[in-house]
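Coordinates in review
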Amino acid sequence: MQKFRRKYFNGRCPKCNRPRKLTLIGEDEDVGVVWLRCNKCLETHSYAVERLRKTGRVLTKSELKKRNEAMSEVAEYTPDKTYWIGQKIHHPDFDEVGEIVKKEETSGKNQMIIVEFENQGTKKLVEGFNVSA
Ligand SMILES: [Zn+2]
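Everything numeric in this text was worked out from a predicted model, so none of it was measured. Each chain has its residues counted from 1, running along the sequence as written. Only residues with pLDDT of at least 70 are given local features in this predicted model, and only at 80 or more are side-chain atom pairs given and counted; all residues enter the totals for whole chains, interfaces and linings. Side-chain figures throughout are based on the complete set of non-hydrogen atoms in the structure, without hydrogens or water.

**Digging into the overall build of the chain**
What counts is decided by this rule: Helix and strand definitions here come from DSSP, where helices need a minimum of 4 consecutive H or I residues and strands a minimum of 2 consecutive E residues; each element is numbered from the N-terminal end. The buried label goes to any residue with under 20% of its type's maximum accessible area, the exposed label to any with over 50%, and the partly exposed label to all in between, with areas taken from a 1.4 Å probe on protein chains only. Contact between two residues is taken to exist if any of their heavy atoms lie within 4.5 Å; hydrogens are not considered. To measure how exposed things are, a 1.4 Å probe is used in the Shrake-Rupley method; for residues, cover is taken only from the protein chains shown. In this tally, Asp and Glu contribute negative charge and Lys and Arg positive charge; neither His nor the terminal groups of the chain are included. To locate a charge, take NZ of a lysine, CZ of an arginine, CG of an aspartate or CD of a glutamate.
Across its full length, the chain carries one helix and nine strands. The secondary structure elements of the chain, listed N-terminal to C-terminal, are β-β-β-β-α-β-β-β-β-β. Principal axes of the C-alpha set define a box for the chain whose edges measure 50 × 35 × 25 Å. Going through the 133 residues of the chain one by one, you find that 31% of them count as buried. In the chain, the proportion of contacts linking residues at least 24 apart, taken out of those at least 6 apart, comes to 25%. Accessible surface computed for the chain: about 8900 Å², of which carbon and sulfur atoms make up 47%. When the 26 positive and 20 negative side-chain charges of the chain are each reduced to one mean point, those points stand 11 Å apart.

**Observations regarding the coordination of the zinc ion**
Where we set the bar: Coordinating N, O and S atoms are those within 2.8 Å of the metal (3.2 Å for Na, K and Ca), and as water is not part of the atoms, a site may appear to have fewer donors than expected. For a four-donor site, all angles between 85 and 135 degrees give tetrahedral; for four or six donors, opposite pairs above 155 degrees with the remaining angles between 65 and 115 give square planar or octahedral; all remaining cases count as irregular.
With distances of 2.2 to 2.4 Å, the protein atoms coordinating the zinc ion are Cys 13 (SG), Cys 16 (SG), Cys 38 (SG) and Cys 41 (SG). Because the angles between the four donor atoms bound to the zinc ion fall within 103 to 113 degrees, the donor set is best described as tetrahedral. In the primary structure, the donors to the zinc ion are separated according to the pattern C-x2-C-x21-C-x2-C. Taken together, the residues span a long stretch of sequence, with Cys 13 in strand S1 (residues 8-13) and Cys 41 in the loop between strand S3 (33-38) and strand S4 (44-48) at a distance of 28 residues. Of the residues examined, Cys 13 reaches a relative accessible area of 0% and is grouped as buried. Owing to a relative accessible area of 23%, Cys 41 belongs among the partly exposed residues under this scheme.

**What about the sheet that holds strand S7 (residues 96-105)?**
Quick note on the threshold: Here a strand pair is declared whenever DSSP counts at least two bridges between the two strands.
Reading across the sheet, the five strands line up as S5-S6-S7-S8-S9 and stay open at both edges, with mixed pairing between neighbours. Where the open sheet ends on each side, the last strands, each with one partner, are strand S5 (75-76) and strand S9 (121-127). Alignment of strand S8 (residues 111-117) against S9, held across seven bridges, turns out to be antiparallel. Across the sheet, Glu 116 pairs through a bridge with Thr 122, a residue of S9.

**Quick notes on the pattern of salt bridges**
The criterion, for reference: Each reported salt bridge corresponds to a side-chain nitrogen of Lys or Arg within 4 Å of a carboxyl oxygen of Asp or Glu.
Under the criterion given, the structure shown has eight salt bridges. A salt bridge links Glu 63 to Arg 57; the nearest nitrogen and oxygen atoms lie 3.3 Å apart. Judged by relative accessible area, Glu 63 falls into the partly exposed class, the value being 23%. Given a relative accessible area of 37%, Arg 57 falls into the partly exposed group. Measuring nitrogen to oxygen at the nearest pair gives 2.9 Å for the salt bridge that ties Glu 127 to Lys 103. Of this pair, Glu 127 sits in strand S9 while Lys 103 sits in strand S7, and the two are 24 residues apart along the sequence. For Glu 127, a relative accessible area of 4% translates into the label buried. Residue classification places Lys 103 among the partly exposed residues on the basis of a relative accessible area of 31%.

This is the structure in C-alpha cells:
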C-alpha cells in the first residue's frame, strides 16, 4: 500500500551532498524507511519515513531532531517563532493549549498557522513575524 500520495520529494542527496529532486522508488513500512532516487546522479538512498513531510520536503537529520524536540513539548506562542504542523502551543492570551493543524500564507506574504483550541475553536495566528522590521 502506498502511504505517500506524491512521487517527488525535495531533499539532500548524500552523494551529491546538495538539495535535489528525489523520486520515490519504494518503501518498507515494517522498517519505516523509503527509498528515494536522486534525479541528478540517479543513486538510490534510504531515508527514515519520519523525515518526509506531506509538502514533499525531506528533513535533514538535524531538522528532524529539532522537530522531534518541538513535538515532545508545548511551546509558548509568540508571533516571531516558527512552528511545525502537529506541534502543540500554549497561547498566553487564551491561556489554552492548541494543536497546529495547517499552515497558510496570506496575500501580504505573512506566514500563518491554523491552530485548533478546544475552547477557543480554530484560530489563525501569525508565525515567523519579523518584529524588528
Ligand atoms: Zn545525487
